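Residues per chain, in single letters:
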Amino acid sequence: MKPLSIARLSFLFVLTTSLLVAGLGLYFWLEIERTRAEIVDNERAAASQEGREALATVVQRIRNSAANIAEWEETRQQLYFPDYYALWRDDRIKDAGFMNGGLRAVALYDRHGEVLNHAVGEDPMPMALPGHPPFTLYRQGQELGVLYHFLPIHADPAGKTLLGYLGLKFDLARELRHKHTYRFADLSRVRVNLKDNAVTDLDKLGQAIEFAPASNIELQKFQSLFQSTMLRLSFVVLATLFIASFLLSFLVVRPLRRLSARIDTFRDHDHAGNTPLPASLPLPVLELENLRRSFDEYHARLSELHDNLERSNRSFYDQARQDALTGVHNRRAFEEDWAARDEGGGLGQVALLLFDCDHFKAINDTYGHNVGDAVIHAIAQCLQSALRADDRLYRLGGDEFATLLVDTDAHIAETVAERCLEHILAHDFRQYGMSEPVTVSIGLALSDKEKLCLGELQKRADLAMYTAKRPGNRKIIAYSQDMGDISALVGNREITAVFQAIQDPGAIEIHYQKVARLPSLTPEYSEALTRVRDGDSLLPPGAIFSIVQARNLDAEFDHAVLRAVANDLAAGRLPPDMGVSINISAPGIVHTKVLEAALELVRAHQGRKIVVEITETALITQIETASAHILRLREAGALVALDDFGSGYSSLRYLASMPVNLVKFDISMIHMLESGDDRQRRMIREIAGLVLGAGYEMVAEGVESQTLLDLVIELGFTHAQGYFLGRPALPEAAGSGNDAPVSPGS
Amino acid sequence: MTRLLLMAICLLWLPARADQVELTLPNQLVARAEFREGHPGKPAVVLMHGFLQTHDFPVIHRLTEHLGGAGYTVLAPTLTLGISARRQSLACEALHTHTQEDAIRELDAWMKWLKARRVQSVILIGHSFGSMQALAYTAEMHNPMVKKLIGISIIEGRPIGRNGKEVLPARGNGKSDGIVTQAFSFCQKFRASPSTLESYLAWTPRRILNEVDRSRLPITFIMGDRDDRLGPHWIAQLQKTRAKVRIIPGANHFMDGEYEFDLLDRVSEELKGL
């Protein structure tokens, strides 16, 4: 049910109350009217009853008067001796007390119906009988008219001897009033339903006369009082409702609406941004005022909290999008900033510039981590200063930077790139203790009419940047279509394959190359060499690791390789006594997830020789973390080999402190034993002797001939590996003939 | 003529009941009377009521009962006073058109009625105005059936003016101006025709006393010495006549109360000798 507003509820309340009051008033009004009608009916009935009773009395009195006069001896006297009839009619009968009530006149008639003596009285009576008595005659006149009553008078009680007739004239109104007090009937409204000169029967006179009720003054007063009271009460109720409505509106509705509007404002402000609410006036009702104050205080605290949260979010957001070393935006910011633009159907006319520091790894290895960081920071400052005001600089990882130039054509983009390069070349890197200049390679890709997506644009910039890195090329290269061969190397399909391999270790195909114990050539373990299945073909290690390193996926890829090897071991694809050597990158060895996977592998295969091969770079950059993790691996039972020894920039001083079991000489150093000059051969021999003397076992890579095999045996290498001893193969092939010495040249 | 009248009276006599009898008079009025038939050997007694009264007046009624019980034939007529079959006393204010002569004729009719019933002796007893009318009857009619007259509380009549006549209004024409309103007898306003009033006024005290002295009938007057309706010297004047006057000490005009027995005793005593 949809909630109703307080204004509507108030209106409904007032309306309901008004209707209730009106209904009650109407109910009382109808009740009073019904009662009044009942009283009127009762009074009408009472008036009728009262009239009938009075009329009965009148009729009886007429009869009595007539009988009394008729039986009066002096009446009979007049019929015998009418000499003084007029005196008798006019005086005597009055003196005798007969002329009371409504009796207005008396007349005597002889036996022939003629009035005695033909005397006409003051109130005339018919001079001759209008009929044959006894009968009653009605004549209209003043007020209710008159009744003539005629009856015979006899000389004897038996009525045998007729003397004459008696006529009486009664004023009906006076007769009705005589000795009668009417409480209900109104004599002024009596209606006589008789025609003039109508002969009627006294007994039926009541049927011909209608009595109307008298006006009930008390009832009229009561009705008038009730009506005026109802009017006053209605006025008072309406006034009360009006005042109540006003008070309700003023004290409740308007404050609540103001409060509701304030909450709506708060909500709108909350949606639009945390802006402070405008000041509000105090509310007239204490509870509502308390509610308003509480709300305002709550809102203030909420706003403050929101501000703090906003600042925190902003800070977190900025931190999450900011590179800690350089202060420029990081990869996440790069991806987020351009994701919306990318999703909108293309970037439009933009240029992507990718910057990569040349030989940064060597710089880092040579001058140390701090110098490397300073170099990166300086490069970022130079690039930032060279870019336009609205251009954003992103550090995508390591020594790689990028910027997207919006609404930019090739010329402007190249100009910006040249300015960036000039700023870097102009920077004095010697302040960091370096003697070599620092250069960057810049790849430029444009999205113009093609409306490329960011991924495609980034791939093109990658290709351009790799091209710029090639010796002899310009340091600023714009992408062109003739970069197809390079494109094949790190094409989108290969990148997808690498990412799929990281997600699904089943896509990683491990080829194992046996490492033989010298001089017996007994295969002791196999080095897991990674291939990535790309449809029907396999990606070579060079293509794999260029993608992995370019996108800083070293740790993730190492973790995937560990899971793939674990799967092979769990599936029994390697002989039980055949050890396994696994390469872990420098970022991987310091990564906890990779360490845990390696430890799990070691613990799961106790008794099997597990060798973890790491590069010296890992030990140089984060030696403490790397040393701790290596120690834990060794404690778990793994052997640690230093891979590619002699190919990097590391100093020999680290050699003594390296917590490794094996030192694996780089293939370039082994090949020097056969193809190098004397000094190189002596240097290798001396280094081998030094390492051997330090107590490390040594592994010779790239043993591809019997001569080299003999040389490394001669130099005291404990293990050898190379095509001469065995090519990398799938597990089934690698596991076969484990017990037999390796057959050279197979 | 007289014979025819008597025959008519006899034909019209309706001894309907033992005590109430009616008599149709020549003027077609019906006269009523109470009648008690006694021993044939005893004289009949005719009782005449007072002015405007009937035979039901207490004195007359007591005498009727007493004398009837004593074996006397008693007739107590009610004078019609112009009203047929009158049963009620007539008001002073009524229009009186009856005369003294009418009363004498009615009494005479009743005498004839008694005579027709073989009554030979009649004792006339009157009360108050009836005593005077009984005296007037004996004076006018000289009926031999009347053997004695007893007048109880006989009135004295009205004295005549200086010129010997009562001043009366002239006779009218039948309207109010023909009626005289005078104080008469016990009526303060006696409304009567002039002839009526004159007939009554004709009987002055002197005429009454004279008629007593002139009468040859034995006459006895029974009077109460406390009768306030009479003049102070009336009893004394009666005593001066030839009539016997018997005084009941303490009795008033109506002889009521304890004096009614004295009256009955005096009447009985007067009748024993007959």
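Parameters and conventions
Here the residue numbers are simple positions, counted from 1 along each chain's written sequence. Working convention: letters from A go to chains and numbers from 1 go to ligands, in the order in which they are written. Note on the predicted model: pLDDT of at least 70 is required for a residue's local features to be given, and 80 or more for side-chain atom pairs to be given and counted; whole-chain, interface and lining totals, by contrast, use all residues. A pair of strands is treated as paired once DSSP finds two or more bridges between them. Only DSSP runs of H or I covering at least 4 residues are called helices, and only runs of E covering at least 2 are called strands; the numbering of each starts at the N terminus. Axis definition: a line fit to C-alpha positions, over the contact stretch in the case of helices; interaxial angles, taken between N-to-C directions, run 0 to 180 degrees. Note that contacts rest on C-beta atoms placed from the backbone: two residues are in contact if these are within 7 Å. Per-residue confidence from the predictor is reported as pLDDT, which spans 0 to 100.

**Describing the pairing of strand 2 (residues 135-139) of chain A**
Residues and elements named next belong to chain A.
Here is step 1: Judged from the five bridges that link them, strand 2 and strand 3 (residues 146-154) form a sheet pairing that is antiparallel. By the bridge assignment for strand 3, Tyr138 is matched with Leu147.
Here is step 2: Between the end of strand 2 and the start of strand 3, which pair antiparallel, lie six residues, with Glu143 showing a positive phi angle near 50°.
Here is step 3: Summarising the sheet, strand 2 and strand 6 (residues 198-200) pair through three bridges and their orientation is antiparallel. Within strand 6, the residue paired with Thr136 across the bridge is Thr200.

**A short note on the sheet that holds strand 1 (residues 20-24) of chain B**
Residues and elements named next belong to chain B.
Here is step 1: Ordered by their spatial adjacency, eight strands build an open sheet running 1-2-4-3-5-6-9-10, and the pairing between neighbours is mixed. Two strands bound the open sheet, and with one partner strand each, they are strand 1 and strand 10 (244-248). When strand polarity is set aside, the average angle formed by the axes of neighbouring strands in this sheet is 20°.
Here is step 2: Pairing analysis gives four bridges linking strand 6 (residues 146-152) to strand 9 (residues 219-224), with the strands arranged parallel. Each residue of the ladder has a partner; that of Leu149, found in strand 9, is Ile219.
Here is step 3: Relative to the sheet, helix 2 (residues 58-69) contacts strand 2 (30-36), strand 3 (44-48), strand 4 (73-78), strand 5 (122-127) and strand 6, its axis offset from that of strand 4 by approximately 160°.

**Considerations on the confidence of the model for chain A**
Residues and elements named next belong to chain A.
Here is step 1: Of the residues in chain A, 90% have a pLDDT of 70 or more, and the chain-wide mean is 83.
Here is step 2: Confidence over residues 485-490 falls short of pLDDT 50; this stretch has 10 contacts with residues more than four positions distant or in other chains.
Here is step 3: Contacts from residues 733-737, a stretch scored under 50 in pLDDT, to residues over four places away or in other chains number nine contacts.

**Observations concerning unusual backbone geometry**
Here is step 1: That bond from Pro133(A) to Pro134(A) is cis: its omega, 0°, falls within 30 degrees of zero.
Here is step 2: Considering the arrangement of structural elements, one finds Pro134(A) in the loop between strand 1 (103-109) and strand 2.
Here is step 3: Of the consecutive residues Leu518(A) and Pro519(A), the connecting peptide bond is found in the cis state with omega at 0°.
Here is step 4: For Ser128(B), which is not glycine, the phi dihedral falls at a positive 60°.
Here is step 5: Phi at Ser185(B) is positive, roughly 50°, even though this residue is not glycine.
Here is step 6: Summarising the element assignment, Ser185(B) is placed in the loop between strand 7 (180-184) and strand 8 (187-192).

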